[in-house]
Amino acid sequence: MSRIFITGSTDGLGRAAAGVLIGEGHDVVLHARTRERAAALSGLAPNAVGVVIGNLSSAAQTRELADQVNDIGPMDVVIHNAGVYLEPSRSATTEGHATTLAVNTLAPYLLTALIGRPGRLIYLSSGMHHGGAGSLRDIDWTRRRWNAAKAYSESKLHLVALALKAARAWPDVLSNAVDPGWVPTKMGGAGAPDDLEMGHLTQTWLAVSNDAAATVSGGYWYHRRRQAPAPEARDPAFQDKLMDQLAALTGVALF
(Lines give C-alpha, C1' and ligand atoms only; values in the text may rest on other atoms or scores of the structure.)
Protein backbone atom coordinates (compact mmCIF):
# COMPACT_ATOMS: atom_id res chain seq x y z
CA MET A 1 0.00 0.00 0.00
CA SER A 2 1.13 3.58 -0.68
CA ARG A 3 1.17 6.67 1.52
CA ILE A 4 -0.36 9.52 -0.51
CA PHE A 5 -0.76 13.24 0.14
CA ILE A 6 -3.52 15.06 -1.77
CA THR A 7 -3.82 18.84 -1.72
CA GLY A 8 -7.31 20.32 -1.83
CA SER A 9 -9.09 17.19 -0.67
CA THR A 10 -12.15 18.73 1.02
CA ASP A 11 -14.28 18.58 -2.13
CA GLY A 12 -14.35 17.94 -5.86
CA LEU A 13 -11.71 15.83 -7.57
CA GLY A 14 -9.37 15.78 -4.59
CA ARG A 15 -12.00 14.39 -2.26
CA ALA A 16 -13.13 11.85 -4.86
CA ALA A 17 -9.56 10.65 -5.38
CA ALA A 18 -9.01 10.42 -1.63
CA GLY A 19 -12.16 8.35 -1.21
CA VAL A 20 -11.09 5.87 -3.89
CA LEU A 21 -7.56 5.51 -2.51
CA ILE A 22 -8.73 5.11 1.10
CA GLY A 23 -11.24 2.54 -0.09
CA GLU A 24 -8.41 0.58 -1.72
CA GLY A 25 -6.55 0.51 1.59
CA HIS A 26 -3.92 3.15 0.94
CA ASP A 27 -2.67 5.53 3.62
CA VAL A 28 -3.96 8.95 2.60
CA VAL A 29 -3.05 12.33 4.06
CA LEU A 30 -5.82 14.86 3.52
CA HIS A 31 -5.51 18.62 3.20
CA ALA A 32 -7.85 21.48 4.05
CA ARG A 33 -7.34 25.21 3.65
CA THR A 34 -8.55 26.00 7.18
CA ARG A 35 -9.65 24.14 10.28
CA GLU A 36 -13.22 25.15 9.46
CA ARG A 37 -12.90 23.59 6.01
CA ALA A 38 -11.44 20.46 7.59
CA ALA A 39 -14.89 19.79 9.08
CA ALA A 40 -15.96 18.80 5.56
CA LEU A 41 -13.57 15.84 5.81
CA SER A 42 -15.46 14.20 8.68
CA GLY A 43 -16.57 11.37 6.41
CA LEU A 44 -13.01 10.58 5.27
CA ALA A 45 -10.77 11.68 8.14
CA PRO A 46 -11.40 8.67 10.46
CA ASN A 47 -9.92 6.38 7.79
CA ALA A 48 -7.09 8.70 6.75
CA VAL A 49 -3.56 8.85 8.14
CA GLY A 50 -4.03 12.50 8.99
CA VAL A 51 -5.34 15.91 7.99
CA VAL A 52 -2.97 18.82 7.40
CA ILE A 53 -4.06 22.46 7.37
CA GLY A 54 -2.75 25.36 5.32
CA ASN A 55 -3.90 28.09 2.96
CA LEU A 56 -1.92 27.73 -0.26
CA SER A 57 -2.31 31.42 -1.07
CA SER A 58 0.13 32.07 1.78
CA ALA A 59 3.77 31.14 1.29
CA ALA A 60 4.25 30.97 5.05
CA GLN A 61 1.33 28.58 5.49
CA THR A 62 2.48 26.52 2.51
CA ARG A 63 5.87 26.08 4.18
CA GLU A 64 4.16 25.07 7.42
CA LEU A 65 2.01 22.63 5.45
CA ALA A 66 5.12 20.97 4.04
CA ASP A 67 6.45 20.61 7.60
CA GLN A 68 3.19 18.97 8.70
CA VAL A 69 3.41 16.46 5.85
CA ASN A 70 7.06 15.68 6.55
CA ASP A 71 6.24 15.16 10.24
CA ILE A 72 3.81 12.40 9.26
CA GLY A 73 6.57 10.63 7.36
CA PRO A 74 7.81 9.96 3.82
CA MET A 75 5.19 10.06 1.08
CA ASP A 76 5.13 7.60 -1.79
CA VAL A 77 2.92 9.89 -3.86
CA VAL A 78 1.95 13.56 -3.85
CA ILE A 79 -1.08 14.67 -5.88
CA HIS A 80 -1.09 18.43 -6.42
CA ASN A 81 -4.84 18.83 -6.85
CA ALA A 82 -5.71 22.15 -5.18
CA GLY A 83 -6.32 25.21 -7.32
CA VAL A 84 -8.36 28.34 -7.90
CA TYR A 85 -10.17 29.12 -11.12
CA LEU A 86 -11.29 32.50 -12.45
CA GLU A 87 -10.29 35.03 -9.82
CA PRO A 88 -12.13 38.32 -10.52
CA SER A 89 -9.02 40.38 -9.77
CA ARG A 90 -5.32 39.95 -9.13
CA SER A 91 -6.17 39.73 -5.40
CA ALA A 92 -2.67 40.17 -4.01
CA THR A 93 -1.64 37.70 -1.32
CA THR A 94 0.15 38.62 1.91
CA GLU A 95 3.42 38.27 0.03
CA GLY A 96 2.11 40.46 -2.79
CA HIS A 97 1.60 37.77 -5.44
CA ALA A 98 -1.43 37.28 -7.65
CA THR A 99 -3.64 34.73 -5.92
CA THR A 100 -3.97 32.59 -9.06
CA LEU A 101 -0.20 32.37 -9.41
CA ALA A 102 0.29 31.79 -5.67
CA VAL A 103 -2.16 28.90 -5.35
CA ASN A 104 -1.84 27.25 -8.76
CA THR A 105 1.89 27.65 -9.40
CA LEU A 106 3.95 28.86 -6.46
CA ALA A 107 2.38 26.53 -3.87
CA PRO A 108 2.93 23.31 -5.88
CA TYR A 109 6.48 24.48 -6.63
CA LEU A 110 7.17 25.11 -2.93
CA LEU A 111 5.59 21.84 -1.82
CA THR A 112 7.60 19.95 -4.44
CA ALA A 113 10.75 21.54 -3.06
CA LEU A 114 9.97 21.19 0.65
CA ILE A 115 8.22 17.82 0.99
CA GLY A 116 10.52 14.81 1.01
CA ARG A 117 10.76 13.57 -2.55
CA PRO A 118 8.13 10.88 -3.26
CA GLY A 119 8.26 8.14 -5.85
CA ARG A 120 5.40 9.66 -7.86
CA LEU A 121 4.28 13.24 -8.48
CA ILE A 122 0.98 14.17 -10.11
CA TYR A 123 0.05 17.74 -11.04
CA LEU A 124 -3.51 18.65 -12.02
CA SER A 125 -3.45 20.92 -15.02
CA SER A 126 -6.18 21.77 -17.53
CA GLY A 127 -6.80 21.74 -21.25
CA MET A 128 -6.84 25.51 -20.88
CA HIS A 129 -3.06 25.41 -20.45
CA HIS A 130 -2.86 25.55 -24.24
CA GLY A 131 -4.20 29.10 -23.93
CA GLY A 132 -1.31 30.05 -21.65
CA ALA A 133 1.19 30.19 -24.47
CA GLY A 134 3.44 33.19 -24.64
CA SER A 135 6.49 34.66 -23.00
CA LEU A 136 7.34 34.44 -19.32
CA ARG A 137 7.31 38.19 -18.85
CA ASP A 138 5.31 39.41 -15.86
CA ILE A 139 3.97 36.04 -14.73
CA ASP A 140 2.89 37.71 -11.46
CA TRP A 141 0.68 40.23 -13.26
CA THR A 142 2.28 43.30 -11.70
CA ARG A 143 2.26 45.27 -14.99
CA ARG A 144 -0.31 43.63 -17.24
CA ARG A 145 -4.01 44.36 -17.08
CA TRP A 146 -5.68 41.49 -15.22
CA ASN A 147 -7.19 38.72 -17.32
CA ALA A 148 -8.62 35.90 -15.19
CA ALA A 149 -8.80 33.27 -17.94
CA LYS A 150 -5.30 34.04 -19.20
CA ALA A 151 -3.88 33.95 -15.66
CA TYR A 152 -5.51 30.58 -15.02
CA SER A 153 -4.32 29.17 -18.35
CA GLU A 154 -0.77 30.36 -17.70
CA SER A 155 -0.75 28.84 -14.22
CA LYS A 156 -1.80 25.48 -15.64
CA LEU A 157 0.91 25.73 -18.31
CA HIS A 158 3.38 26.31 -15.49
CA LEU A 159 2.21 23.09 -13.81
CA VAL A 160 2.72 20.99 -16.93
CA ALA A 161 6.18 22.49 -17.37
CA LEU A 162 6.96 21.75 -13.70
CA ALA A 163 5.82 18.14 -14.06
CA LEU A 164 7.91 17.60 -17.17
CA LYS A 165 10.94 19.35 -15.69
CA ALA A 166 10.75 17.09 -12.61
CA ALA A 167 10.54 14.06 -14.90
CA ARG A 168 13.62 15.28 -16.77
CA ALA A 169 15.62 16.15 -13.64
CA TRP A 170 14.65 13.19 -11.43
CA PRO A 171 14.74 9.89 -13.36
CA ASP A 172 13.87 7.98 -10.17
CA VAL A 173 10.53 9.83 -9.83
CA LEU A 174 7.42 9.24 -11.95
CA SER A 175 6.19 12.78 -12.60
CA ASN A 176 3.11 13.45 -14.71
CA ALA A 177 0.50 16.13 -15.41
CA VAL A 178 -3.23 15.44 -15.75
CA ASP A 179 -6.07 17.24 -17.47
CA PRO A 180 -9.13 16.02 -15.55
CA GLY A 181 -11.47 17.54 -18.13
CA TRP A 182 -14.26 20.03 -17.60
CA VAL A 183 -16.08 18.12 -14.89
CA PRO A 184 -19.14 18.98 -12.74
CA THR A 185 -17.38 20.01 -9.53
CA LYS A 186 -17.82 23.23 -7.58
CA MET A 187 -15.11 24.73 -9.76
CA GLY A 188 -16.35 23.32 -13.06
CA GLY A 189 -20.05 23.98 -12.47
CA ALA A 190 -23.06 21.69 -12.64
CA GLY A 191 -23.31 21.91 -16.43
CA ALA A 192 -19.76 20.70 -17.13
CA PRO A 193 -19.90 17.97 -19.79
CA ASP A 194 -16.96 15.68 -18.95
CA ASP A 195 -16.94 12.44 -16.96
CA LEU A 196 -16.42 13.23 -13.26
CA GLU A 197 -15.35 9.68 -12.46
CA MET A 198 -12.65 9.60 -15.14
CA GLY A 199 -11.58 13.03 -13.93
CA HIS A 200 -10.32 11.59 -10.67
CA LEU A 201 -9.61 7.99 -11.64
CA THR A 202 -6.76 9.10 -13.88
CA GLN A 203 -5.01 10.55 -10.82
CA THR A 204 -5.57 7.45 -8.70
CA TRP A 205 -4.38 5.19 -11.52
CA LEU A 206 -1.16 7.14 -11.98
CA ALA A 207 -0.71 7.26 -8.21
CA VAL A 208 -0.79 3.56 -7.40
CA SER A 209 -1.12 1.35 -10.47
CA ASN A 210 1.75 -0.97 -11.38
CA ASP A 211 0.47 -1.30 -14.94
CA ALA A 212 3.19 -0.63 -17.49
CA ALA A 213 1.05 2.13 -18.98
CA ALA A 214 0.89 3.98 -15.64
CA THR A 215 4.49 3.54 -14.52
CA VAL A 216 5.89 6.14 -16.89
CA SER A 217 7.12 9.68 -16.42
CA GLY A 218 6.92 12.96 -18.29
CA GLY A 219 3.39 12.47 -19.56
CA TYR A 220 0.37 14.72 -19.93
CA TRP A 221 -2.81 12.70 -19.47
CA TYR A 222 -6.53 13.01 -20.16
CA HIS A 223 -8.82 10.17 -19.05
CA ARG A 224 -5.94 7.67 -18.90
CA ARG A 225 -4.80 8.57 -22.39
CA ARG A 226 -1.55 10.34 -23.04
CA GLN A 227 -1.98 13.63 -24.89
CA ALA A 228 0.35 16.22 -26.40
CA PRO A 229 0.81 19.23 -24.09
CA ALA A 230 1.55 22.75 -25.27
CA PRO A 231 4.95 23.01 -27.00
CA GLU A 232 6.27 25.43 -24.35
CA ALA A 233 5.68 22.87 -21.61
CA ARG A 234 7.91 20.39 -23.45
CA ASP A 235 10.66 22.93 -24.15
CA PRO A 236 13.60 22.50 -21.73
CA ALA A 237 14.59 26.16 -22.19
CA PHE A 238 11.07 27.30 -21.24
CA GLN A 239 11.04 24.94 -18.27
CA ASP A 240 14.40 26.18 -17.02
CA LYS A 241 13.50 29.84 -17.43
CA LEU A 242 10.24 29.28 -15.55
CA MET A 243 12.03 27.45 -12.73
CA ASP A 244 14.46 30.36 -12.41
CA GLN A 245 11.54 32.77 -12.05
CA LEU A 246 9.76 30.60 -9.49
CA ALA A 247 12.98 30.29 -7.49
CA ALA A 248 13.29 34.07 -7.51
CA LEU A 249 9.66 34.59 -6.46
CA THR A 250 9.74 32.02 -3.65
CA GLY A 251 13.36 32.21 -2.51
CA VAL A 252 13.62 28.43 -2.92
CA ALA A 253 15.67 26.73 -5.61
CA LEU A 254 14.05 23.43 -6.58
CA PHE A 255 16.44 22.18 -9.23
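Everything below is about the structure shown above.
Throughout this description, residue numbers start from 1 for each chain and increase along the sequence as written. Totals for whole chains, interfaces and linings use every residue, but because this is a predicted model, local features are given only for residues with pLDDT of at least 70 and side-chain atom pairs only at 80 or more, for both listing and counting. To get the side-chain values, all heavy atoms of the structure are used, and hydrogens and water are removed first.

S.K.: Looking at this structure, how should I read the environment of Gly12?
M.R.: Along the polypeptide, Gly12 turns up in helix H1 (residues 12-23). Between the C-alpha atom of Gly12 and that of Ala32, which follows or precedes it by 20 residues, the distance is 12 Å. Numbering of helices and strands runs from the N terminus; a helix is a DSSP stretch of H or I covering at least four residues, while a strand is a stretch of E covering at least two.

S.K.: Please explain helix H5 (residues 148-169) as it appears in this structure.
M.R.: Here the expected span of a helix is defined as 1.5 Å times the quantity of residues minus one. Taking 1.5 Å of rise per residue, 22 residues should cover 32 Å, and H5 covers 31 Å from first to last C-alpha, within 8% of that figure. For each residue, the accessible area found with a 1.4 Å probe, counting protein chains only, is set against the maximum for its type, and the residue is called buried under 20%, exposed over 50%, and partly exposed in between. Among the 22 residues of H5, 18 are classified as buried, and the element is accordingly described as predominantly covered. By the criterion applied in these results, polar contacts are pairs of N or O atoms within 3.5 Å in which, for protein atoms, one can donate a hydrogen and the other can accept it, and in which residues neighboring in sequence qualify only through two side-chain atoms. For H5, the N-terminal capping position is held by Asn147, with its side-chain oxygen 3.3 Å away from the main-chain nitrogen of Ala149.

S.K.: Explanation requested: the packing of helix H4 (residues 99-114) against helix H8 (residues 236-250) in the structure shown.
M.R.: Any two packed helices are characterised by how steeply their axes cross, that is the angle between the axes, and by the distance between the axes. The interhelical angle for the contact between H4 and H8, taken along N-to-C directions, is 95°, at an axis separation of 10 Å. Between H4 and H8, the angle is such that the two are roughly perpendicular. Contact residues: H4 offers Leu101, Thr105, Leu106, Tyr109 and Leu110, while H8 offers Met243, Leu246, Ala247, Leu249 and Thr250. For the contact of H4 with H8, a count of residues per class yields eight nonpolar, two polar and no charged. Convention adopted: a line fitted to C-alpha atoms gives each axis, helices being fitted over their contacting stretch, and angles between N-to-C directions are expressed from 0 to 180 degrees. Here the word oblique covers every angle except those under 35 degrees (roughly parallel), over 145 (roughly antiparallel) and from 65 to 115 (roughly perpendicular). In this description, contact between two residues means that some pair of their heavy atoms is separated by no more than 4.5 Å. Side-chain classes are defined by residue name, with Ala, Val, Leu, Ile, Met, Phe, Trp, Tyr, Cys and Pro counting as nonpolar, Asp, Glu, Lys and Arg as charged, and the others, Gly among them, as polar.

S.K.: Quick question: what am I supposed to make of the nonpolar core here?
M.R.: Side chains that are nonpolar tend, in soluble globular proteins, to be buried together. Joining through side-chain atoms within 4.5 Å is the link that ties buried Ala, Val, Leu, Ile, Met, Phe, Trp, Tyr and Cys residues into a set, and such a set is a nonpolar core. In this structure, Phe5, Leu56, Ile115, Leu121, Leu162, Leu242 and Leu246 are the most contacted members of the largest nonpolar core, which totals 46 residues. Going through the elements one at a time, helix H3 (59-72), H4, strand S5 (120-124), H5 and H8 are the ones with two or more residues in this core. Top contributing element to this core by residue count: H5, with 10 residues. With residues up to four places along the chain from it excluded, the contact list for Leu121 reads Val78, His80, Thr112, Ala166, Trp170, Val173, Leu174, Ser175 and Asn176. Ile4, Val28, Ile53 and Ala214 belong to the second-largest nonpolar core, a separate cluster that totals 25 residues.

S.K.: Is there a simple way to explain unusual backbone geometry in this structure?
M.R.: Glycine aside, the phi torsion of most residues is negative, and most peptide linkages are trans. The phi dihedral of Trp141 is positive, around 55°, even though this residue is not glycine. Looking at the element boundaries, Trp141 is found in the loop between S5 and H5. On the basis of relative accessible area, Trp141 is assigned to the buried category, the value being 6%. Phi is positive for Arg224, which is not a glycine, with a value near 65°. Position of Arg224 among the secondary structure elements: in the loop between strand S7 (219-222) and strand S8 (225-227). With relative accessibility at 37%, the residue Arg224 sits in the partly exposed group.

S.K.: Would you take a moment to explain the pairing of S5 for this structure?
M.R.: Side chains on a regular strand alternate between the two faces of the sheet. Counting buried positions along S5 gives five out of five residues, so the element sits mostly inside the fold. Because side chains alternate across S5, one face comprises the buried residues Arg120, Ile122 and Leu124, and the other comprises Leu121 and Tyr123, equally buried. Crossover handedness is defined by viewing with both strands directed away from the observer: a clockwise path from the first strand over the helix to the second marks the crossover as right-handed. Between the parallel pair strand S4 (residues 77-80) and S5, the chain is carried across by H4, and the sense of this crossover is right-handed. As defined by bridge partners, S5 adjoins strand S6 (residues 174-179) across five bridges and the pair is classed as parallel. At least two bridges found by DSSP between two strands is the condition for calling them paired.

S.K.: Any chance you could explain the packing of H3 against H4 here in plain terms?
M.R.: Packing of H3 against H4 brings their axes to within 9 Å, and their N-to-C directions diverge by 35°. Between H3 and H4 the crossing geometry is right-handed. Residues Ala59, Thr62, Arg63, Leu65, Ala66 and Asn70 of H3 form the contact with H4, whose participating residues are Ala107, Leu110, Leu111 and Leu114. Among the residues making up the contact of H3 with H4, the classes are represented as seven nonpolar, two polar and one charged. Should the near helix be turned anticlockwise from the far one by less than a right angle, the crossing is termed left-handed; should it be turned clockwise, right-handed.

S.K.: For this particular structure, what's the right way to read the environment of Ala102?
M.R.: Within the secondary structure layout, Ala102 lies in helix H4. When residues no more than four places from it in sequence are discounted, the contact partners of Ala102 are Leu56, Ser57, Thr93, His97 and Ala107.

S.K.: How should I be thinking about the pattern of salt bridges in this particular structure?
M.R.: When charged atoms on two side chains of opposite charge get close, those side chains can pair. Each reported salt bridge corresponds to a side-chain nitrogen of Lys or Arg within 4 Å of a carboxyl oxygen of Asp or Glu. A complete count under the given rule lists six salt bridges for this structure. In this structure, the salt-bridge partner of Asp138 is Arg144, at a minimum N-O distance of 3.7 Å. The exposure class assigned to Asp138 is buried, which follows from its relative accessible area of 9%. Judged by relative accessible area, Arg144 falls into the partly exposed class, the value being 28%. With a shortest N-O distance of 2.8 Å, Glu154 and Arg144 are connected by a salt bridge. Here Arg144 lies in the loop between S5 and H5 and Glu154 lies in helix H5, a separation of 10 residues in the sequence. Judged by its relative accessible area of 6%, Glu154 is buried. Among the charged side chains, a network of salt bridges with common partners joins Asp138, Arg144 and Glu154.

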